[in-house]
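Below, each chain spelled out in residue letters.
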Amino acid sequence: MIRVAYSYRLINAALLMLVVQASFAQKQAKPVPPLYVEKGQLQYKPDTLGNRIPDFSYCGYKASEQAIPVVPAKVYVPLSTKDATDNIQLAIDYVSGMPKDAQGFRGAVQLLPGEYKVSGSLRIDSSGVVLRGSGAFAKGTRITGTGTTRETLLRLLGEGKPTVLHTQTITDKYVPLNSNVVTVADVAVYQVGQHIRIHRPSTAAWIQALGTDHFGGGITALGWKPGERDLFFDRIITAIRGHQLELDAPLTTALDVQYGSAFVQLIQWPGRIAQSGVENLLLVSSYNKANPKDEDHRWDAIGIENAVDCWVRQVSFQHFAGSAVRVLETAQRITVEDCISTQPVSEIGGQRRYTFFTSGQQTLFQRCYAENGYHDFAAGFCAAGPNAFVQCESILPYSFSGAIDSWASGVLMDVVTVDGNALRFGNRGQDANGAGWAAANSVFWNCSAARIDCYQPPMAQNWTFGSWSQFAGNGYWNESNNTIQPHSLYYAQLQERLKKDVATLAQLMPVSTEASSSPSVAVALQLSKEATQPKLLLKVWIENATKRNVLPVTTAGATSITDIVEIVTGNAQQFPITQLKQGVLVRDGRLLAGKRTNVQWWSGSLSAKDIANAKPHLTRFVPGRYGKGLTDNIKEVSVDMKATNTVMLEHNYGLWYDRRRDDHQRVRRMDGEVWPPFYEQPFARSGQGTAWDGLSKYDLTKYNAFYWSRLQSFANAADANGLVLLQHHYFQHNIIEAGAHYADFPWRTANNINNTGFVEPVNYAGDKRIFYAEQFYDISHPVRRAIHRQYIRQCLNNFSNNHAVIQSISEEYTGPLHFVQFWLDVIAEWKKETGKQPLIALSTTKDVQDSILAKPKYAALINIIDIRYWHYQADGTLYAPAGGVSLAPRQHARLLKPKKTSFGQVYRAVLEYKKKFPEKAVMYSGDNYPEFGVAVLMAGGSLPILPANIDAAILEKAVGMKPVPTKEVGIYTLSNGKDSIVYNSNTQQFTVLH
């Protein structure tokens, strides 16, 4: 009884405490949310520093203050069964040459119903130009990107970078989130209407406060570094009050002087285009239907850069591997609306299927739909914001939507649904090459997904209102598993800013407002009747945009481009050819001479620093991005080579495809979330199985069209510009030294479908090193032998019509004699079949080199002797590692410790071969070769590295000259018996004697 009474007393005490607590709770005011509605108006509660949820309504064409206009057609393009690239581009260029009207428009190019096949890339590079079709579906206008190129099908592309005219420090100690006012000391340099840029630096203090300097493991290689994640907000000055500049849109990251002063830059950007658009089209990529993961076709449909106030509307997309629309960081105030992307074709992994993507600012994606994508609705690296995705839907994607790279600030996901995957604002840590905190000051509003992640970064916040999902994160959550009003935050903010009804701009899909758990009988009957009908789908709502926003399809008042411009395809321009003449490489009567460059083997990222320091690599690929450190522009590479007196580019395939492997680990990756830039391999992916990098396995009997077409494009440029491509067939680095070199290697048995016969699991020596050279060069294995033979023939076939390509067996080749003989046997077979005469260079260790040259059968196939892996040392002794002993060049060097060569010893080495084989060219690529170009020249060698200002007469007269011995020390002579070139190595002076 005592125990029972005591228990009752406990219960009564507990009940009393609950009553007291409940009474206390009733007296406490609920915390005021950061955003709420009162009397029909949005109300914001700033924090103690003045930060508040941003106004996202400044996104889109003209900051959503104006409807996208309908621009009259000035020219149309007739249908044709032939390739339409030139016709459409000529029409775009023709309109681009027209004067602008008062609104800044030149006119539209009208396409007719039917299919246009486009083998190239279309480009709108002028303001006020619109490309318009006659419908985005089956009976409309279809542009099919044909061929195996990965070119973006259509680019809206301005020119150049902005010029900074003036910079000064912002004097505010703190500028809160959503502010549109900054203070400077000197306002005299500014005027209303000027373009400025707010530069917020990424300092060490800020990075450390975020905790992104280190992601664990005791290794900081992927941690953020100062200056690598600076933010740049492009704005227009709308007013000047005292020392304050008022901006046309708010900032989406606070400026805090304790983490480094921010700056105002006065900008001039004449090359940026404006008021151009693409509309009412179906864009399609052709692809290999036998491979559901084919990637030798178009990656991006539309790319937008160096552009402002442009649009894409009522466009459907099919089969692209990368993005339907990719908005890059140089684009601003872009609207993409009423667009549908279906049936993408690619591997499942990083940089694929980023369907609607922005790294720009003030971008508005609205009423967009995607199926089977990856990151379907995504904000990228340091996207300055605000950026908004409004009423968008992703069906069964392979990965999440949201912020996917570092510090995208001011992202709004507004009525966004992801069916079967996640929405995420969080810290990605090491993922995406050290992305770290991906989102800041961003909002989910009335969103639905399988899971929503909303995490709060230091010194910032992310908010979620009215979401349906599973939940994770310590960000701000309000009304989870509920729907709130207003239905769209974006349009509520826009309506309040513009102070007018915006329903015609919003065009939100209607949703039922009846969700009562106790409806009346009449309502229940009505809802029961409605339940028999399919729910209105966003995809259908988008398709019906053609009725809500009717676009003209008439050609009235427009002229056919074929009536304006006669399209003539002329004969290809003839250039002087590079040839082996009198034992040297010659073009246009002159000895070829100049510097050399080689390609980047493995490293890189998309950071500004890595891009600035990047070397060219012809087969490097970054989806949708072109230029230095990205997908190199072949023309720009050749122009830069000529400008820097660089005559030869040496190319080999990359050490590995995926930048994750830059960590030199040997582990199998758990997914295909590969990191760019990609160093493409010669072989095609099969679409079958899973290789060590998480993408499909290679098929070594099929070839990567991008890889080979890029090399051929450079070979064509080399022919036209007097340059040389030295093409290394193989890259020995993969099969020797560090085990990581072999982990993703296409020939590895685990990475291909061809049963290459290398043992699995890999026998790493000491669980670290790889010694697979002997097996790789073993041509007795029937499968490997056949693959080698076919691959060597591919290397020859690809350049069969080029003259300035030198074929070499491998970069870093220290392999055996028998494989070189096999290589030459295949070349001999190919030459006999085709009648072609490629330039073949012998680039091996000296023992192998001399053995080949000692056999007339093989010596006859050699055009160029390349001294590369051996040299005479300055004391006259020979440094000559043995071939075929499974040691790489630097491993030999560690054992044998070579000494430096000298001018005289380089002269000696080249001269020895010239005397034995006067009809062959001799190159020197060995120890410190850039220093000894003159020695090569005076010994009768080829491709010497000589100053750009060398007398042209020397290069002309050297052709046909031979070295003449002299007794005077330091004097070297070339002569043809009539004229002489004399070089004094003491004074470093040339003399031409007649």
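Given the structure is predicted, the values throughout are model-derived calculations rather than measurements.

Visitor: What is the right way to look at the overall build of the protein chain in this model?
Guide: On a plain count of helices and strands, the protein chain comes out with 23 helices and 59 strands. Taking 994 residues into account, the globule formula puts the C-alpha radius of gyration at 30 Å, and the protein chain, at 33 Å, falls close to it. Dimensions along the principal axes, computed over C-alpha positions, put the protein chain at roughly 110 × 95 × 65 Å. A burial count over the protein chain gives 57% of its 994 residues as buried. Here the protein chain has roughly 40,500 Å² of accessible surface; of this, 53% comes from carbon and sulfur atoms. Considering the protein chain, the positive charge centre built from 98 side chains and the negative charge centre built from 86 side chains are found 3 Å apart.

Visitor: In this structure, what is going on with the environment of Val-278? I would like to understand it.
Guide: Structurally, Val-278 can be placed in strand β19 (residues 277–285). Residue classification places Val-278 among the buried residues on the basis of a relative accessible area of 0%. Placed 220 residues apart in sequence, Val-278 and Tyr-58 show a C-alpha to C-alpha distance of 21 Å.

Visitor: Would you explain the sheet that holds strand β10 (residues 163–169) in this entry?
Guide: Taken together, 6 strands build an open sheet; the order of strands is β10-β17-β13-β14-β15-β12 and the sheet is antiparallel. Edge strands, defined here as strands with exactly one partner in the open sheet, are β10 and β12 (181–183). In this sheet, adjacent strand axes meet at a mean angle of 40° when their direction is disregarded. In terms of strand pairing, strand β14 (residues 231–241) meets strand β15 (residues 244–247) through 4 bridges, oriented antiparallel. Bridged to Arg-241 within β15 is Gln-244.

Visitor: How should I be thinking about the pattern of salt bridges in this particular structure?
Guide: Side chains that differ in charge, positive against negative, can pair when their charged atoms come close. In this structure the tally under the stated criterion is 46 salt bridges. Linking Arg-868 and Glu-650 is a salt bridge whose minimum nitrogen-to-oxygen distance equals 3.0 Å. Taken together, the residues span a long stretch of sequence, with Arg-868 in the loop between β52 (864–867) and β53 (871–872) and Glu-650 in strand β43 (residues 646–651) at a distance of 218 residues. Overall, the relative accessible area of 12% leaves Arg-868 in the buried class. For Glu-650, a relative accessible area of 5% corresponds to the buried category. Its salt-bridge partner being Arg-660, residue Asp-658 comes within 2.5 Å of it at the nearest N-O pair. Residue class for Asp-658 comes out buried when judged on its relative accessible area of 1%.

Visitor: What's the story with helix α21 (residues 903–916) in this structure? I'm lost.
Guide: Since there are 3.6 residues in each turn of an α-helix, residues three or four apart along the chain are aligned in direction. The end-to-end C-alpha separation of α21 is 21 Å, in line with the 20 Å expected for 14 residues at 1.5 Å each. Every buried residue of α21 is listed here: Phe-903, Gln-905, Val-906, Tyr-907, Ala-909, Val-910, Leu-911, Tyr-913 and Lys-914.

Visitor: Would you mind going over the packing of helix α12 (residues 634–643) against helix α13 (residues 705–721) with me for this structure?
Guide: Helices that pack against each other are described as a pair by the angle of their axes relative to one another and the distance between those axes. Running from N to C, α12 and α13 cross one another at 40°; their axes reach a closest spacing of 10 Å. The angle between α12 and α13 falls in the class oblique. The two elements α12 and α13 meet at a crossing, and its hand is right-handed. Touching Ile-634, Val-637, Ser-638, Met-641 and Lys-642 of α12 are Arg-710, Ser-713, Phe-714, Ala-717 and Asn-721, all from α13. Of the residues that constitute the contact of α12 with α13, the class distribution is 5 nonpolar, 3 polar and 2 charged.

Visitor: Where do I start with unusual backbone geometry in this structure?
Guide: Both trends apply: most residues other than glycine have a negative phi, and most peptide bonds are in trans. Residue Pro-486 is reached from Gln-485 by a cis peptide bond, and omega for that bond is 5°. Here Pro-486 is to be found in the loop between β36 (476–478) and α5 (489–498). Between Pro-676 and the following residue, Pro-677, the backbone shows a cis peptide bond with an omega angle of 0°. Assignment of secondary structure puts Pro-677 in the loop between β43 and β44 (678–679). A positive phi is found at Lys-897, a non-glycine position, where the angle reads about 50°. Since its relative accessible area comes to 58%, Lys-897 is described here as exposed.

Visitor: Explain the nonpolar core to me, please; I cannot follow it from the model alone.
Guide: Phe-714, Trp-747, Val-820, Leu-824 and Met-938 are the most contacted members of the largest nonpolar core, which totals 115 residues. Discounting residues that sit within four places of it in the chain, Met-938 has contacts with Tyr-907, Pro-963, Tyr-972, Thr-973, Leu-974, Ile-981, Tyr-983 and Phe-990. Judged by nonpolar contacts, the second largest core, of 65 residues, contains Ile-143, Ala-403, Met-413 and Ala-439.

Visitor: Mind showing me how you'd approach the sheet that holds strand β40 (residues 590–591) here?
Guide: In sheet architecture, strand pairing relies on hydrogen bonds along the backbone and comes in two forms, parallel and antiparallel. Across the sheet, which stays open at both edges, the 3 strands sit in the order β38-β39-β40 with antiparallel pairing between neighbours. Where the open sheet ends on each side, the last strands, each with one partner, are β38 (578–581) and β40. In terms of strand pairing, β38 meets strand β39 (residues 584–587) through 4 bridges, oriented antiparallel. Bridge pairing links Lys-581 to Val-584 in β39.

Visitor: How should the packing of aromatic side chains be read in this particular structure?
Guide: The final tally for this structure, using the stated rule, is 47 aromatic pairs. With a centroid separation of 5.7 Å and an interplanar angle of 5°, the aromatic rings of Phe-356 and Phe-377 are classed as stacked. Taken together, the residues Phe-356 in strand β24 (residues 356–358) and Phe-377 in strand β26 (residues 377–379) connect sequence positions 21 residues apart. With respect to class, Phe-356 is no different from Phe-377; both count as buried. With 6.1 Å between their ring centres and 80° between their planes, Phe-683 and Trp-747 make a pair best called edge-to-face. Highlighted residues: Phe-683 in strand β45 (residues 683–685) and Trp-747 in the loop between α14 (740–743) and β49 (769–771), separated in sequence by 64 residues. Residue Phe-683 is classed as buried on the basis of its relative accessible area, which comes to 3%.

Basis of the calculations
- Residues numbered from 1 in each chain as written.
- Predicted model: local features only at pLDDT ≥ 70, side-chain atom pairs only at ≥ 80, totals over all residues.
- Heavy atoms only, no water.
- Helix = DSSP H or I, 4+ residues; strand = E, 2+ residues; numbered from the N terminus.
- Rg over C-alpha atoms; globule rule 2.2 N^0.38 Å.
- Buried < 20%, exposed > 50% of the residue type's maximum accessible area, 1.4 Å probe, protein only.
- Areas by Shrake-Rupley, 256 points an atom, 1.4 Å probe, with all protein chains shown as cover.
- Lys, Arg positive; Asp, Glu negative; His and termini not counted.
- Charge placed at Lys NZ, Arg CZ, Asp CG, Glu CD.
- Pairing = 2+ DSSP bridges.
- Axes fitted to C-alpha atoms, helices over the stretch in contact; angles between N-to-C directions.
- Salt bridge = Lys/Arg side-chain N within 4 Å of Asp/Glu carboxyl O.
- Expected span 1.5 Å × (residues − 1).
- Parallel < 35°, antiparallel > 145°, perpendicular 65-115°, else oblique.
- Left-handed = near helix turned anticlockwise from the far one by under 90°.
- Contact = heavy atoms within 4.5 Å.
- Nonpolar A, V, L, I, M, F, W, Y, C, P; charged D, E, K, R; others polar.
- Core = buried A, V, L, I, M, F, W, Y, C linked by side-chain atoms within 4.5 Å.
- Phe/Tyr/Trp six-rings, centres within 6.5 Å; stacked < 30°, edge-to-face > 60°.

This is a description of form; function is not addressed.
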